[in-house]
Amino acid sequence: MIADEAGLAEVVAAFAAGTGPVAVDAERASGYRYGQRAYLVQLRREGAGTALIDPVACPDLSALGAALRDTEWVLHAATQDLPCLREIGMVPTRLFDTELAGRLAGFPRVGLGAMVEGVLGYVLEKGHSAVDWSTRPLPEPWLRYAALDVELLVDLRDALEKELDRQGKLEWAHQEFAAIAAAPPAEPRKDPWRRTSGMHKVRRRRQLAVVRELWEARDRIAQRRDVSPGKVLSDAAIVEAALALPANVHALAALSGFGHRMGRRQLEQWQAAVDRAKALPEAQLPQQGQSVAGPPPPRAWADKDPAAAARLSAARTAVSALAEELSMPQENLITPDTVRRVCWEPPQGVTADSVAEALVSHGARPWQVELVTPVLVTALSAQAV
């Protein structure tokens, strides 16, 4: 494993001199560490071989990223790895996503192991996917497993390219890959505490405030200790405290998730968060529903706008039928959010041009616009009569 600047310089030179696409993968420590940083980067390229790089010891890989700037990167489920690669200076300008290619080609199982076995006939060694990749030193079997993830990635890319071409879908895939490569970093999520698992049980604004205070306190502690927030306090415990609104540490300790293994000091810090929420004036309590741009949840459409609900039902049926005909998941044909937005606020005059314009405004690619516009025009027009 490359863990010093001299070794990294050799890798940069070797991969710059290599030929063809470069296979790239990254391992994170989800569930163990705070955030989604990379703890191992694997690369393979013809003429350069395979390299495993320790981004803890070599946190700046921008020289490697620059050396590979004009090279096509082959990744599996690219959107999962690109954020952590970007953090260490590796940003592709061209890519091929083998998972997305598998979806577009209609493969029922698109995990890397299933794809390699189904397309190339090889069985990848498994068993280390959920380990703590922040462990140092990394055990030899883990490193071997990680190296295998890039060993056949370019071969898989080549086979999938031929299959997409055979199905007439290669240009669609190129447009999707270009969109992923050009996408800016995701904006920080607004009110991330609202994604606490079990939030649907929390009804009152005071209880929401407790969830927010506990979530934010947990996040500060997790970040300081560099551990996964779930290891500090579970989502279930946060929701339990919000529903119970405990009056003191003794009452808190009786709740599930705040049991006998938690020390007095820890209990006091969680109770302090509960007390802060209980002391907030009414005006500072969070609102029940998160204000989001765009249409309401589909389950509310029938009450709010029955005509829009009818449009959505017709559009979903039409898109589903087209996706089945094309042998691909309907969310890859067009995102459900785009369909919802067009159905909630359809163009004034439903024509091919106006619907196509609406789809483009919501980020649909040209191939999607071409395929989906006719079925949406039909669905929207039928409901307008």
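Per chain, residues are indexed from 1 in the order of the written sequence. Totals for whole chains, interfaces and linings use every residue, but because this is a predicted model, local features are given only for residues with pLDDT of at least 70 and side-chain atom pairs only at 80 or more, for both listing and counting. Side-chain numbers here rest on the full set of heavy atoms in the structure, without hydrogens or water.

Per an unreviewed UniProt entry, the protein chain goes by 3'-5' exonuclease and derives from Streptomyces longwoodensis.

Moving on, we get to helix α18 (residues 352-361). Categorising residues by exposure relies on relative accessible area from a 1.4 Å probe, with only protein chains included: less than 20% of the type maximum marks a residue as buried, more than 50% marks it as exposed, and the intermediate range marks it as partly exposed. Secondary structure elements follow DSSP: runs of H or I no shorter than four residues count as helices, runs of E no shorter than two count as strands, and numbering proceeds from the N terminus. Turning to α18, its buried residues number three or more, namely Ser 354, Val 355, Ala 356, Ala 358 and Leu 359. Taken from the residues just after α18, Gly 363 is the one with a positive phi, measuring 95 degrees.

The next thing to look at is the sheet that holds strand β4 (residues 72-75). Each strand in a sheet pairs with another by means of backbone hydrogen bonds, the pair being arranged parallel or else antiparallel. Any two strands between which DSSP finds at least two bridges are classified as paired. Ordered in space as β3-β2-β1-β4-β5, the 5 strands form an open sheet in which the pairing is mixed. Only two strands of the sheet have a single partner each, and these edge strands are β3 (49-53) and β5 (94-97). Within the sheet, the average angular offset between the axes of one strand and its neighbour, ignoring direction, is 25 degrees. Strand direction decides the pairing type here: strand β2 (residues 38-46) and β3, joined by 5 bridges, are antiparallel. Residue pairing across strands places Gln 42 opposite Leu 52, the latter belonging to β3. The contact definition used throughout considers only heavy atoms, calling two residues in contact when any of these lie within 4.5 Å. Between the N-to-C directions of two axes lies an angle of 0 to 180 degrees, each axis being a line fitted to C-alpha atoms and, for a helix, fitted only over the stretch in contact. The sheet contacts of helix α3 (residues 78-87) involve β1 (19-28), β2, β4 and β5, and relative to β1 the element is tilted by about 80 degrees.

Glancing now at the pattern of salt bridges. Salt bridge criterion: a side-chain nitrogen from Lys or Arg within 4 Å of a carboxyl oxygen from Asp or Glu. Taken as a whole and judged by the stated rule, the model has 17 salt bridges. Across the pair Arg 157 and Glu 161 runs a salt bridge whose closest N-O atoms are separated by 3.0 Å. Of this pair, Arg 157 and Glu 161 both sit in helix α7 (residues 153-167), 4 residues apart, which is roughly one turn of the helix. Residue classification places Arg 157 among the buried residues on the basis of a relative accessible area of 8%. Of the charged contacts, one joins Arg 194 and Asp 191 as a salt bridge, the two residues approaching to 3.3 Å between their closest N and O atoms. By relative accessible area, which is 26% here, Asp 191 ends up partly exposed. Taken together, the shared-partner salt bridges in this structure form one network comprising Glu 72, Arg 157, Asp 158 and Glu 161.

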